[in-house]
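So the chains spell out like this:
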Amino acid sequence: YSPREMNVILNLPPGKLTQRTLIYAVRTHPDNPQSTSGEAHDYLLDEAERHSEYQARIRQQGHHAWETRFHRINRRLPGGLLASEVCAESWPGEGLLEAAIECVRCWRQSSGHWRSVRGRHPVFGYDMRRGSNGVWYATGIFGIFGR
């Protein structure tokens, strides 16, 4: 690991290995996205974990039941913030770090997803889970300022 990568590792927020690995992949992306510059919010980390687990269980990436989840998450966000979400999946058979980097690369390929990942948000949560098909499913959830 380079000195920059070691600095990122040493400054990761508390969390599960999957959460910290995906945050690491965001923070070390060459385009320097800013979605993890705010506070790693415990509730958003839990929501990202739950949705990643759901995607892995059904082995399908997507914003499943977002309308319901959106309102539930908004009730728990600090005043004036609205929930926003990104989802991605890895190639089958990748290890945790490789899959996290791949998911960030996928977000980079979508202008809408990348707008969320590169943006600066007051609070965020990231997580990922591997499905029985060997694919990792990633979720990022952000508290963004209402439009």
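How each quantity is defined
- Residues numbered from 1 in each chain as written.
- Predicted model: local features only at pLDDT ≥ 70, side-chain atom pairs only at ≥ 80, totals over all residues.
- Heavy atoms only, no water.
- Helix = DSSP H or I, 4+ residues; strand = E, 2+ residues; numbered from the N terminus.
- Buried < 20%, exposed > 50% of the residue type's maximum accessible area, 1.4 Å probe, protein only.
- Contact = heavy atoms within 4.5 Å.
- Areas by Shrake-Rupley, 256 points an atom, 1.4 Å probe, with all protein chains shown as cover.
- Lys, Arg positive; Asp, Glu negative; His and termini not counted.
- Charge placed at Lys NZ, Arg CZ, Asp CG, Glu CD.
- Expected span 1.5 Å × (residues − 1).
- Pairing = 2+ DSSP bridges.
- Axes fitted to C-alpha atoms, helices over the stretch in contact; angles between N-to-C directions.
- Parallel < 35°, antiparallel > 145°, perpendicular 65-115°, else oblique.
- Left-handed = near helix turned anticlockwise from the far one by under 90°.
- Nonpolar A, V, L, I, M, F, W, Y, C, P; charged D, E, K, R; others polar.

Caption draft 1: Quick peek at the overall build of the chain. A tally of helices and strands in the chain yields six helices and four strands. When the helices and strands of the chain are listed from N to C terminus, the series reads α-α-β-α-α-β-α-α-β-β. For the chain, the spread of C-alpha atoms along the three principal axes comes to 40 × 35 × 30 Å. Looking at the 147 residues of the chain, the share that counts as buried comes to 52%. Put simply, of all contacts in the chain between residues at least 6 apart along the chain, 67% involve residues at least 24 apart. Counting only carbon and sulfur atoms, one obtains 51% of the accessible surface of the chain, whose full area is about 7,400 Å². Computing the positive centroid from 19 side-chain charges and the negative centroid from 15, the chain places the two 3 Å apart.

Caption draft 2: Looking closely at helix H5 (residues 96-108). For H5, built from 13 residues, the straight-helix expectation of 18 Å at 1.5 Å per residue is met to within 8% by its first-to-last C-alpha distance of 19 Å. In this structure, the buried residues of H5 make contact with helix H2 (17-27), strand S2 (81-89), helix H6 (111-118), strand S3 (123-130) and strand S4 (136-145).

Caption draft 3: Spotlight on unusual backbone geometry. Positive phi is not limited to glycine here, since Asn32 has a value of about 55 degrees. Among the secondary structure elements, Asn32 is positioned in the loop between H2 and strand S1 (39-40). Overall, the relative accessible area of 44% leaves Asn32 in the partly exposed class. The phi torsion at Arg59 lies on the positive side, around 55 degrees, for a residue other than glycine. Within the fold, Arg59 resides in the loop between helix H3 (42-58) and helix H4 (66-74). Arg59 sits in the partly exposed class, given a relative accessible area of 48%.

Caption draft 4: Region of interest: the sheet that holds S1. Read across the sheet, four strands follow the order S1-S3-S4-S2 without closing on themselves; strand pairing throughout is mixed. The sheet terminates laterally at S1 and S2, the two strands that pair on one side only. For S1 and S3, the ladder comprises two bridges, and the chain directions are parallel. By the bridge assignment for S3, Ala40 is matched with Phe124. Those strands touched by H4 are S2 and S4, and its axis lies near 135 degrees from that of S2. Strand contacts of H6: S2, S3 and S4, with the helix running at about 120 degrees to S2, the strand carrying the most contacts.

Caption draft 5: Looking closely at the packing of H2 against H5. In contact at an axis separation of 9 Å, H2 and H5 are set at 50 degrees when each is read in the N-to-C sense. Here H5 runs oblique to H2, going by the angle between their axes. As H2 packs across H5, the resulting crossing turns out to be right-handed. Within the contact between the two elements, H2 uses Leu17, Thr18, Thr21, Leu22, Tyr24, Ala25 and Val26 and H5 uses Leu96, Leu97, Ala100, Ile101, Val104 and Trp107. Class assignment for the residues of the contact of H2 with H5 results in eleven nonpolar, two polar and no charged.

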